[in-house]
Amino acid sequence: MRYLHLLIFILIIGCNDDNEGKLKIVFLGDSITEAGVYDKEVGVEYNGELVNPDYTGFITFLSQSVLEKTELVGKGISGDKVSDLLTRYKKDVIDLDPDIVFIYIGINDVWHKYDFGTGSDIDLYENGLRQIISEIQRIGAKVVLCTPTVIGENYGCLLYTSPSPRDLSTSRLPSSA
């Protein structure tokens, strides 16, 4: 995770020099992205109560380190899959006219498929992600895809068949992203 923070910071600084106005960076994704805006000094609602997180999220941490003319916007929702992003990316990303968009999605698409049967088929995942990326690039924003962790690294007592390489392949993702 430390390397991800460094990469994001370098991208922000590198892109800021080319941008005369304010640089806007949107982070689109699931609970991992949602937790990125946590601030251990600011309470968040959890089960109807206000609690302070144990940590400050990476988006909040980075926002404390970047230039004032850089705006970091977290658009993560816990449990989201590509199909959920398809319903909200226009409002959450396109309408904001960002310069850079980090997309961190996929863990729920795979995990929910194998544990609950509600995940995404590879074709929905691929086509949906391609559509989102294409439309973001069409407005001139740069897209950075962040790969989710691999499912199956610890089988524990799970009783499902190991997914085929095609199911978990990232080689089918757009190379221009």
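Shown above is the structure to which this text applies.
Anyway, here's the lowdown on the structure attached to this text. Computed from a prediction, not measured in an experiment: that's the story for all the values here.

**A look at the packing of aromatic side chains**
Each aromatic ring pair is summarised here by two numbers: the centre-to-centre distance and the angle between the ring planes.
Inference 1: Per the counting criterion, the structure on display carries two aromatic pairs.
Inference 2: Aromatic pair Phe27 and Phe58: ring centres 5.7 Å apart, planes at 80°, arrangement edge-to-face. One end of the pair, Phe27, is in strand β1 (residues 23-29); the other, Phe58, is in helix α3 (residues 58-63), and 31 residues separate them in sequence.
Inference 3: You can call Phe27 buried: its relative accessible area is 2%.
Inference 4: A residue is classified by how much of its surface remains accessible, and Phe58, at 11% relative accessible area, is buried.
Inference 5: Taking 5.0 Å as the distance between ring centres and 10° as the angle between the ring planes, the aromatic pair formed by Phe27 and Phe102 counts as stacked. With Phe27 in strand β1 and Phe102 in strand β5 (residues 100-104), the pair connects residues that are 75 residues apart, well separated along the chain.
Inference 6: The buried category is assigned to Phe102, whose relative accessible area is 3%.

**Considering the pattern of salt bridges**
Inference 1: Enumeration according to the criterion identifies five salt bridges in this entry.
Inference 2: Here Asp92 makes a salt bridge to Lys91, at a shortest N to O gap of 4.0 Å.
Inference 3: When its relative accessible area of 8% is taken as the criterion, Asp92 is described as buried.
Inference 4: The exposure class of Lys91 is exposed, given its relative accessible area of 62%.
Inference 5: Among the salt bridges present, the one from Glu126 reaches Arg130, with a minimum N-O distance of 3.2 Å. Taken together, the residues Glu126 and Arg130, both in helix α6 (residues 122-138) and four residues apart, mark about one turn of the helix.
Inference 6: The class of Glu126 is buried, set by a relative accessible area of 12%.
Inference 7: Through salt bridges that share partners, Lys75, Asp80, Arg88, Lys91 and Asp92 make up one connected network.

**Describing the sheet that holds β1**
Paired through backbone hydrogen bonds, the strands of a sheet run either parallel or antiparallel to each other.
Inference 1: The four strands are arranged β4-β1-β5-β6 in an open sheet whose pairing can be described as parallel. The outermost strands of the open sheet, each flanked by one partner alone, are β4 (70-76) and β6 (142-146). In this sheet, neighbouring strand axes are inclined to one another by 15° on average, regardless of whether the strands run parallel or antiparallel.
Inference 2: Sheet topology places β5 next to β6; five bridges connect them, and they run parallel. Bridged to Tyr104 within β6 is Cys146.
Inference 3: Strands in contact with helix α4 (residues 82-92) are β1, β4 and β5; relative to β1, the strand with the most contacts, it is inclined by about 165°.

About the thresholds
- Residues numbered from 1 in each chain as written.
- Predicted model: local features only at pLDDT ≥ 70, side-chain atom pairs only at ≥ 80, totals over all residues.
- Heavy atoms only, no water.
- Phe/Tyr/Trp six-rings, centres within 6.5 Å; stacked < 30°, edge-to-face > 60°.
- Helix = DSSP H or I, 4+ residues; strand = E, 2+ residues; numbered from the N terminus.
- Buried < 20%, exposed > 50% of the residue type's maximum accessible area, 1.4 Å probe, protein only.
- Salt bridge = Lys/Arg side-chain N within 4 Å of Asp/Glu carboxyl O.
- Pairing = 2+ DSSP bridges.
- Axes fitted to C-alpha atoms, helices over the stretch in contact; angles between N-to-C directions.
- Contact = heavy atoms within 4.5 Å.

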